[in-house]
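An overview of the molecular structure
Spelled out, the chains give:
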Amino acid sequence: MNRRHLPTLTAMQCFEASARHLSFTRAAEELSLTQSAVSKQVAQLESVLEHPLFRRVRKRLQVTPEGSLYLTEVRKILAQVEMSTRYMQSYGGQSEVLNVTTLPTFGARWLIPRLNGFRFRHPKVYLNISNRVEPFDLEEARVDVAFFFGHGAWPKAECIKLLDETMVPVCAPTVVPAGGIEGPLALTDLVLLQSATRPEAWHDWFEAQGCYTEHSYHGPRFDTFYMALSAARAGCGVALVPRFLAEEELAAGQLTIPWAFSLTSRDAYYLAYPEYKGEVAKVKGFIEWILEHLETPARVDGARPAR
């Protein structure tokens, strides 16, 4: 497509606001434009796309299927433009943005509780934290610090080991039979909850005890450990998770370990940062903070620290 024929940001903003309010008038008020200007921008966008974005039903706007599809992409574009603009506004100024990525459950359960107080030591550094599961390029993604699980290597980056991982089975106390279980294979009767990021986890756990079951890969599958923990707490089955991520529920009695065998993973959790950013003040200060609080018990929602 010729760049002259690409839609403008104004057109996309008008479309997004109109779709959110289902009204050109309310979109115009939000964007400080006239109703006719918003309507004209949307019409031009429809002309470029060669698809209707709205239909008028009883004097109200209704987003078409094509409009719903395009709306998802437009919101991604506008969010990226805003993020890039904020980044440049802070670049080289007195206030700086530190872009941090983390694994979802690790970030919620381990990282965030350890950030309390960071802003008092570094009041001019603003944290921008996002989740990343798939591999990515630190430089291209403009990431200053990344937390990941692996073998401690990242292209063009320095890696610092944070902690090892011990996998344990957990479930709601009500799921365990009154007399307990007689062996690890008995867990297959309680439903094995699977983690999409660790498809081999149950197989490895059984194998380490000299057991084999065709059910190692059977059971509901969840994208994150957080979802698997929630399912286990709800009584849906047994989840195999890193113990440190389940300490809060174990301490509160919401989860229990039905069979006391733990398996130390071959990989571990690491912090990574681009090689050339090692002496950047905001990066250096954040890393120092994390290492200082490495052994700090996490307090979540007022819960007592895990023992």
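As shown above, the structure is provided for reference.
Report follows, based on the coordinates. (Residues numbered from 1 in each chain as written. Predicted model: local features only at pLDDT ≥ 70, side-chain atom pairs only at ≥ 80, totals over all residues. Heavy atoms only, no water.)

Among the nonpolar cores identified, the biggest contains 53 residues, and Trp110, Phe147, Leu162, Val170, Phe286 and Ile290 are the most heavily contacted of them. Discounting chain neighbours no more than four positions away, the residues touching Trp110 are Thr105, Phe147, Leu162, Leu163, Phe244, Ile290 and Leu294. Grouped together as the second largest cluster of nonpolar side chains are 20 residues, Met12, Leu61, Leu71 and Val74 included. (Core = buried A, V, L, I, M, F, W, Y, C linked by side-chain atoms within 4.5 Å. Buried < 20%, exposed > 50% of the residue type's maximum accessible area, 1.4 Å probe, protein only. Contact = heavy atoms within 4.5 Å.)

We now examine a nonpolar patch on the surface. Together, Leu9, Ile77 and Val81 give the surface a local cluster of nonpolar side chains, amounting to about 210 Å² of exposed area. Structurally, Ile77 can be placed in helix α4 (residues 65-90). For Ile77, a relative accessible area of 36% puts it in the partly exposed group. (Patch = residues over 30% accessible without salt bridge, like charges linked within 9 Å, V, L, I, M, F, W, Y side chains within 5 Å. Areas by Shrake-Rupley, 256 points an atom, 1.4 Å probe, with all protein chains shown as cover. Salt bridge = Lys/Arg side-chain N within 4 Å of Asp/Glu carboxyl O. Helix = DSSP H or I, 4+ residues; strand = E, 2+ residues; numbered from the N terminus.)

What follows concerns the pairing of strand β5 (residues 145-150). Along β5, five of the six residues are buried, which leaves the element largely enclosed by surrounding structure. Relative to β5, strand β3 (residues 96-102) runs parallel, the two being bridged by two bridges. Paired with Thr101 across the bridge in β5 is Ala146. Where β5 and strand β10 (residues 263-274) come together, five bridges link them in antiparallel fashion. By the bridge assignment for β10, Phe149 is matched with Tyr269. (Pairing = 2+ DSSP bridges.)

Turning our eyes to something else, we now look at the pattern of salt bridges. Throughout the structure, instances matching the rule amount to 15 salt bridges. Among the ionic pairs, Arg75 bridges to Glu16, the shortest N-O distance being 3.2 Å. With a gap of 59 residues between them, Arg75 in helix α4 and Glu16 in helix α1 (residues 9-21) connect regions that are remote in the sequence. Judged by relative accessible area, which is 38%, Arg75 ranks as partly exposed. Since its relative accessible area comes to 12%, Glu16 is described here as buried. Here Arg121 makes a salt bridge to Glu292, at a shortest N to O gap of 2.9 Å. One end of the pair, Arg121, is in helix α6 (residues 118-121); the other, Glu292, is in helix α10 (residues 281-292), with 171 residues separating them in the sequence. Judged by relative accessible area, which is 47%, Glu292 ranks as partly exposed. Among the charged side chains, a salt-bridge network with shared partners connects Glu16, Arg20, Glu30 and Arg75.

A few words now on the layout of surface pockets. Regions of empty space are outlined by a rolling probe, equal in size to a water molecule, passed over the atoms. Computed from the structure, the largest pocket encloses a volume of approximately 580 Å³. As for the largest pocket, its lining consists of 28 residues, of which Leu103, Arg132, Val133, Phe148 and Phe149 are closest to the centre. Among the elements that take part in the lining of the largest pocket, β5 stands out by supplying five residues, more than any other. Residue composition of the lining of the largest pocket, by class: 16 nonpolar, eight polar and four charged. (1 Å grid on protein atoms, 1.4 Å probe; cavity = no way out; pocket = protein on both sides within 12 Å on 5 of 7 lines; lining within 4 Å. Points joined across faces, edges and corners; volume = space filled by probe spheres on them. Nonpolar A, V, L, I, M, F, W, Y, C, P; charged D, E, K, R; others polar.)

By themselves these figures say nothing about function.
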